[in-house]
Amino acid sequence: MESQLTIVLPVAAVWLAAGVLADRLPRLRDARALRRRTGWLLALALAGVALVAAVSIGGLLSAGAAPVDRAAVGLTLATGPALVVAVCSVRRIRRLRAGAGAFDTAPGTPAPHGLRAAAAHPLIGLPLQVTALATVPAVIAAAGADLGAEPGVTGPAITVGALAVAAIGVRHALRHSRLAERAQPAAPRSARAAGPLHV
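Residues numbered from 1 in each chain as written. Predicted model: local features only at pLDDT ≥ 70, side-chain atom pairs only at ≥ 80, totals over all residues. Heavy atoms only, no water.

Considering a nonpolar patch on the surface
Logical step 1: There is a patch of nonpolar side chains on the surface, built from Ile57, Leu60 and Leu61 and spanning about 390 Å² of accessible area.
Logical step 2: Looking at where Ile57 falls in the secondary structure, it is placed in helix α2 (residues 31-61). (Patch = residues over 30% accessible without salt bridge, like charges linked within 9 Å, V, L, I, M, F, W, Y side chains within 5 Å. Areas by Shrake-Rupley, 256 points an atom, 1.4 Å probe, with all protein chains shown as cover. Salt bridge = Lys/Arg side-chain N within 4 Å of Asp/Glu carboxyl O. Helix = DSSP H or I, 4+ residues; strand = E, 2+ residues; numbered from the N terminus.)

Structural data, given as structure tokens:
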């Protein structure tokens, strides 16, 4: 049981750190800090995907009773969101890092609202945080608690998880739209409307 926990716990820690870092990206107002934190986030996301893939492949190659096999079964729920991170989030994080690097000319250069809106895009933060949330059942199972054995616990746990995912998604969408509106250029005023009325 302990060896299973030593496999699952680092995976959950990497995804938790990535989710927290992704949540704080849109708050950064400095282009250099945004580029540096985006590099950390890219490294954490790639490490998390590699860890999930390694545990899953190890579970396929091992016998049915090995700790890595039990860890792979526990991380089955996290495999889908980790795949979304690998396909969508990593590409967006790379583009965001390149965009922040274009403004990283001097210390204290402010990050434009467009970059902060891109950092708040739901396809960056949401898959990372959903994957971190999906590792929680694996950690609980590796610690020795069998939630599946209690029929009165499984239903509420699924409901709470679904509500948490919906709340995270709505939060990211609202923050992204608010920052995207600030990034829009101001509509030019009509010179004709500002002048005197011609009859």
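Overview of the packing of α2 against helix α4 (residues 76-103)
Logical step 1: Contact geometry of α2 with α4 gives a least axis separation of 9 Å together with a crossing angle of 160°. Compared by their axis directions, α2 and α4 come out roughly antiparallel. As α2 runs across α4, the sense of the crossing is left-handed. Residues Ala31, Leu34, Arg35, Thr38, Gly39, Leu41, Leu42, Ala45, Leu46, Val49, Val52 and Ser56 of α2 pack against Thr79, Ala82, Val85, Ala86, Val90, Ile93, Arg94, Leu96, Arg97, Ala100, Gly101 and Phe103 of α4.
Logical step 2: Its residues placed into classes, the contact of α2 with α4 shows 16 nonpolar, 5 polar and 3 charged. (Axes fitted to C-alpha atoms, helices over the stretch in contact; angles between N-to-C directions. Parallel < 35°, antiparallel > 145°, perpendicular 65-115°, else oblique. Left-handed = near helix turned anticlockwise from the far one by under 90°. Contact = heavy atoms within 4.5 Å. Nonpolar A, V, L, I, M, F, W, Y, C, P; charged D, E, K, R; others polar.)

With respect to the pattern of salt bridges
Logical step 1: For the structure on display, the rule yields 3 salt bridges.
Logical step 2: One salt bridge in this structure joins Asp23 and Arg171, with 2.4 Å as the shortest N-O distance. With a gap of 148 residues between them, Asp23 in helix α1 (residues 2-24) and Arg171 in helix α8 (residues 151-183) connect regions that are remote in the sequence.
Logical step 3: Look at Arg171 and you get partly exposed, because its relative accessible area is 37%.
Logical step 4: The salt bridge partner of Asp23 is Arg175, with a shortest N-O separation of 3.3 Å. On the criterion of sequence distance, the pair formed by Asp23 in helix α1 and Arg175 in helix α8 is long-range, its members being 152 residues apart.
Logical step 5: Since its relative accessible area comes to 14%, Asp23 is described here as buried.
Logical step 6: A single salt-bridge network, built from bridges that share partners, covers Asp23, Arg27, Arg171 and Arg175. (Buried < 20%, exposed > 50% of the residue type's maximum accessible area, 1.4 Å probe, protein only.)

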